[in-house]
Amino acid sequence: MAALGSAEEFADHYRTEAAACLGLAYVLCGNRSLAEEVVADAFARSWPAFQAGRIDDVHGYVRRAVVNTLSGRFRRL
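Residues numbered from 1 in each chain as written. Predicted model: local features only at pLDDT ≥ 70, side-chain atom pairs only at ≥ 80, totals over all residues. Heavy atoms only, no water.

Q: Even after reading the chapter, I still don't get the pattern of salt bridges, so can you show me in this structure?
A: If the charged atoms of two oppositely charged side chains come close together, the side chains can form a pair. Throughout the structure, instances matching the rule amount to 6 salt bridges. The partner of D41 in a salt bridge is R73, and the shortest N-O contact between them spans 3.9 Å. Highlighted residues: D41 in helix 2 (residues 32–51) and R73 in helix 3 (residues 58–76), separated in sequence by 32 residues. The class for R73 is partly exposed, based on a relative accessible area of 22%. Within this structure, E37, D41, R45 and R73 form a network of salt bridges that share partners. (Salt bridge = Lys/Arg side-chain N within 4 Å of Asp/Glu carboxyl O. Helix = DSSP H or I, 4+ residues; strand = E, 2+ residues; numbered from the N terminus. Buried < 20%, exposed > 50% of the residue type's maximum accessible area, 1.4 Å probe, protein only.)

Structural data, given as structure tokens:
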């Protein structure tokens, strides 16, 4: 299990992962504003798990959160 994560460390992950996550979300939904919203939501939902030290691979965890968030939104439509 990973050590407890700090806000600064999470911010570093955001800076390095956000553009790639935005690209993934855009490819999946075809709408830039929805993609930006989904990426922000995915990072916000990932923060508690990161802070508690439950995320070993931030890269994969956040990308999965993007896909799951988009799936949920399309499912509700």
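Q: Please clarify how the side chain of E17 should be interpreted in this entry.
A: For E17, the location among the structural elements is in helix 1 (residues 7–29). Ignoring any residue separated from it by four or fewer positions in sequence, one finds E17 in contact with F43, H59 and R63. (Contact = heavy atoms within 4.5 Å.)

Q: Please explain the nonpolar core as it appears in this structure.
A: In summary, soluble globular proteins display a tendency toward joint burial of nonpolar side chains. Counting 18 residues, the largest nonpolar core has C21, A25, V39, F43 and V66 as the members making the most contacts within it. At the level of secondary structure, the elements contributing two or more residues to this core comprise helix 1, helix 2 and helix 3. The element contributing the most residues to this core is helix 2, with 7 residues. Excluding its chain neighbours within four sequence positions, the residues that come into contact with V66 are C21, L24, A25, V38, V39 and A42. (Core = buried A, V, L, I, M, F, W, Y, C linked by side-chain atoms within 4.5 Å.)

Q: Please clarify how the environment of A49 should be interpreted in this entry.
A: Positionally, A49 belongs in helix 2. Judged by its relative accessible area of 3%, A49 falls in the buried class. Separated by 12 residues in the primary sequence, A49 and Y61 place their C-alpha atoms 9.8 Å from one another. Setting aside residues no more than four positions away along its own chain, A49 makes contact with R54, I55 and Y61.

Just distances and angles here, no functional claims.
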